[in-house]
Number of protein chains: 2
Amino acid sequence: MEGHMEQAGDATALTDDVGFLLSRASGLVVRASNASLAGHGLRVRSYSVLLLAGDTEEGVSQREMADVLGLDPSQVVLLVDELAAAGLVERRPSPVDRRTRLVTATDAGRAVRARAGVDVDATMTRQLAELTAGEQHLLRELLTRLVAGGRGAVRV
Amino acid sequence: MEGHMEQAGDATALTDDVGFLLSRASGLVVRASNASLAGHGLRVRSYSVLLLAGDTEEGVSQREMADVLGLDPSQVVLLVDELAAAGLVERRPSPVDRRTRLVTATDAGRAVRARAGVDVDATMTRQLAELTAGEQHLLRELLTRLVAGGRGAVRV
DNA sequence: CCTCCATCGTTGACACCCTCCACGATAGCC
DNA sequence: GGCTATCGTGGAGGGTGTCAACGATGGAGG
């Protein structure tokens, strides 16, 4: 209800717009993360897939990955292709459904994931240095609720 | 310092990662905003340019727009071209520097800006419905500091 | 005045990402 | 056995971010 009135005197409400700020902050973080992942031959996209693949022993279906990451399934195909070509993940047939292919991280993949994780963590720590630990936690919670709500609006 | 230890039992720390959440939230907001702007022949990009152009009477240089919006100057050229072709903004020569071209919104541009603003505001209100007014304000402040800090890291 | 360097706008190229559509293979219901 | 839904895959099209180069202009210094 409030925040709707914009100050006529100064510049745009643009720099106060949550959407604009989200877009800007996201861009900054993604760019910084990509820079720190470049040395490992990864990007944010492939790194997130590698994370998921390394999470479980049995593997994760590509469909599930697409859901969790909010990506189109066709994108997941390309990312897994890329990681598989580098020997970091592999596709194995599901024992219960011959349509699905379970993606798991190889030993090499888990090693790269660990090494890259160190760099990404350091970068994120630097990016979030402006906020205290409590504020970071708060931000995480607010964003989580935002994402959950937005999802609901689209899905349901 | 904390938050570095990840729970080994459950899924990835991905859904708890601030970078991932930022990316996700930004995507949701941008998509929703684009949808509500489509009826006005605009997208988030062109809308933000139109906002800046409508802010001042004298006009804004394209260079300044690029700085404020965090875009490459070449992108601003295309966006202004698009808006100018639609008759929403116009380029005028600067009285003090013949290199710069000052962009101002036309009357039609200001009218469209106002109409589109109503729709975008409504969409954003819906997107942010998960958060209370106080939380929205807090989120805005946290993001502002994040963006300011990230900028400094790159620029200085 | 003339020269050297910085800046503004513009164009072009390139890679990345998102979205949608279509298809073969398989699963599950009736 | 046939109909419909789902999984993975491929392809097309448009939006976006990044970079290099260029002409035109501005500004500093000899």
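Predicted model, so just to flag it, every value in this text is computed and none were measured.

Could you give me a rundown of the relation of the copies chain B and chain A, with the residues and numbers involved?
Overlaying chain B on chain A yields an RMSD of 0.0 Å, the required transformation being a rotation through 180° with an accompanying axial translation of 0.0 Å. Expressed as a symmetry operation, the mapping of one chain copy onto the other fits a two-fold axis.

A description of the protein's contact with DNA strand D should follow, citing residues and the corresponding values.
Neighbouring residues of DNA strand D: 23 residues in total, closest Q62, R63 and S74 of chain A together with D72 and R98 of chain B. Listing elements by their share of the surface near DNA strand D, those giving two or more residues are helix 1 (18-38), helix 3 (62-69) and helix 4 (73-85) of chain A together with helix 2 (44-53) and helix 4 (73-85) of chain B. It is helix 4 of chain A that contributes the most residues to the surface near DNA strand D, four residues altogether. Of the residues in the surface near DNA strand D, the class split is five nonpolar, seven polar and 11 charged.

Please set out the interface of chain B and chain A residue by residue, giving values where relevant.
Each partner contributes to the interface: chain B provides 48 residues, whereas chain A provides 48 residues. The set of elements that each furnish at least two residues to the side of chain B that touches chain A consists of helix 1 (18-38), helix 2, helix 5 (107-127) and helix 6 (133-155) of chain B. Within the side of chain B that touches chain A, the residues separate by chemical class into 24 nonpolar, 14 polar and 10 charged.

Mind laying out the packing of helix 2 (residues 44-53) of chain A against helix 4 of chain A, listing which residues take part and the relevant values?
Residues and elements named next belong to chain A. At a minimum axis distance of 10 Å, the contact between helix 2 and helix 4 shows a crossing angle of 80°. The orientation of helix 2 relative to helix 4 falls into the category roughly perpendicular. Listed contacts from helix 4 to R45, S46, V49 and L50 of helix 2 are V76, L79, V80, E82 and L83. Taken together, the residues that form the contact of helix 2 with helix 4 break down as six nonpolar, one polar and two charged.

Which residues make up helix 2 of chain B, and what values go with them?
Extensive coverage of helix 2 of chain B is indicated by the burial of eight of its 10 residues. Where helix 2 of chain B is concerned, the buried positions are S46, Y47, S48, V49, L50, L51, L52 and A53 of chain B.

About the cut-offs
- Residues numbered from 1 in each chain as written.
- Chains lettered and ligands numbered in written order.
- Predicted model: local features only at pLDDT ≥ 70, side-chain atom pairs only at ≥ 80, totals over all residues.
- Least-squares fit on C-alpha atoms with pLDDT ≥ 70 in both.
- Near = placed C-beta within 6 Å.
- Helix = DSSP H or I, 4+ residues; strand = E, 2+ residues; numbered from the N terminus.
- Nonpolar A, V, L, I, M, F, W, Y, C, P; charged D, E, K, R; others polar.
- Contact = placed C-beta atoms within 7 Å.
- Axes fitted to C-alpha atoms, helices over the stretch in contact; angles between N-to-C directions.
- Parallel < 35°, antiparallel > 145°, perpendicular 65-115°, else oblique.
- Buried ≥ 20, exposed ≤ 12 C-beta atoms within 10 Å, placed from the backbone.

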